[in-house]
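Commentary on secondary and tertiary structure
The primary structure of each chain is shown beneath.
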Amino acid sequence: MDRWYGPDGLRLHEPENARYIFDGDAGMRPLKEIAPTADELAAGCFYHSHMLDMFWEFRPDGKSYLDEKLKDAGIDTVVISGLWTDECDLATSYAALSRGYDVVVARDAVGTATAHQESALTIIGGTCGVVLRTDEITKYMHVDFVEGLKRAVKGLMNPDGRKDDHCSSE
């Protein structure tokens, strides 16, 4: 039985759970306009998760795959887009916040098949992140964003983002 959808996800001829509807199909591949390049795929910048929270995929050493990728790149903010706003996007937003990342959700780049879209965005915006339109995000990135040194604001050693005790200027 599927933990979130019950036996409906197991009906072979009329599935309701997106995992069962699209698993391996074209619906699970990213749009060609934003799909990862061959180099990005080779670098491990794209993977499918079978959990609601994208941070809940682990390397053999037990560390979060996504968390370690982001820390290795010196990233301190995640911008979330994708499906199931009230499930995957919400869970990933809280997981990112609990690991010390700033969270931005692209209001017009998320969606869900339930009636809870606006409720989920209200919860995210009121508790763990900021909800903006993609044009607001891209304007900020092109006009106002200033790239700083790795670890200038947040550390990379602590899972909650606390500043490292031995911060170095890289």
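The residue count restarts for each chain, going from 1 along the sequence in the order it is written. Predicted model: local features are reported for residues with pLDDT of at least 70 only, side-chain atom pairs are reported and counted for 80 or more only, and whole-chain, interface and lining totals are derived from all residues. Note that water and hydrogens are dropped before the side-chain values are worked out from all heavy atoms of the structure.

**Topic: the overall build of the protein chain**
Keep this limit in mind: Strands are runs of DSSP state E lasting at least 2 residues, helices are runs of H or I lasting at least 4, and numbering of each runs from the N terminus. Exposure is judged per residue with a 1.4 Å probe applied to protein chains only, and the accessible area is read against the type maximum: over 50% gives exposed, under 20% gives buried, and values in between give partly exposed.
A tally of helices and strands in the protein chain yields six helices and three strands. Shown N-terminal to C-terminal, the secondary structure of the protein chain runs as helices and strands in the order α-α-α-β-α-β-α-β-α. Every one of the 170 residues in the protein chain was classed for burial, and the buried ones make up 30%.

**Some remarks on the packing of aromatic side chains**
Applicable threshold: Side-chain rings of Phe, Tyr and Trp (the six-membered ring for Trp) are treated as a pair once their centres are within 6.5 Å; stacked means planes under 30 degrees apart, edge-to-face means over 60, and tilted covers the remaining angles.
Summed over all chains, the structure comprises two aromatic pairs. Taking 4.8 Å as the distance between ring centres and 80° as the angle between the ring planes, the aromatic pair formed by W56 and F58 counts as edge-to-face. Overall, W56 belongs to the partly exposed group, its relative accessible area being 47%.

**What to know about the pattern of salt bridges**
The line we're drawing: In what follows, salt bridge is the name for a side-chain nitrogen of Lys or Arg lying within 4 Å of a carboxyl oxygen of Asp or Glu.
For the structure on display, the rule yields six salt bridges. The salt bridge involving K71 is made with D67; its shortest N-O contact spans 3.7 Å. In this pair, K71 and D67 are both assigned in helix α3 (residues 65-72), four residues apart and thus about one turn of the helix distant. A residue is classified by how much of its surface remains accessible, and K71, at 12% relative accessible area, is buried. Across the pair E68 and K71 runs a salt bridge, and its minimum N-O distance is 3.2 Å. Taken as a pair, E68 and K71 lie in helix α3 at a separation of three residues, close to a single helical turn. Taken individually, E68 and K71 each receive the classification buried, so the pair is uniform in this respect.

**Let's talk about the pairing of strand β1 (residues 77-83)**
Every regular strand shows the same layout, with side chains that alternate between the two sheet faces. Let me state the cut-off plainly: Whether two strands pair comes down to DSSP finding at least two bridges between them.
Examined bridge by bridge, β1 and strand β2 (residues 102-111) share six bridges and lie parallel to one another. In the sheet register, V79 faces β2, and the bridge partner there is V104.

**Section: the sheet that holds strand β3 (residues 130-132)**
We apply this condition: Where helices are involved, their axes are fitted lines through C-alpha atoms of the stretch in contact, as for all axes, and angles between N-to-C directions lie from 0 to 180°. In what follows, a contact means two residues having at least one pair of non-hydrogen atoms within 4.5 Å.
Spatially, β1-β2-β3 is the arrangement adopted by the three strands of the open sheet, whose pairing is parallel. The sheet is open, and its two borders are formed by β1 and β3, each paired with just one other strand. Neighbour to neighbour, the strand axes of the sheet diverge by 30° on average, direction disregarded. Inspection of the sheet shows β2 paired to β3 by three bridges, in the parallel sense. Directly across from A106, in β3, lies its bridge partner L132. With respect to the sheet, helix α5 (residues 117-127) is in contact with β2 and β3, its orientation differing from that of β2 by roughly 165°.

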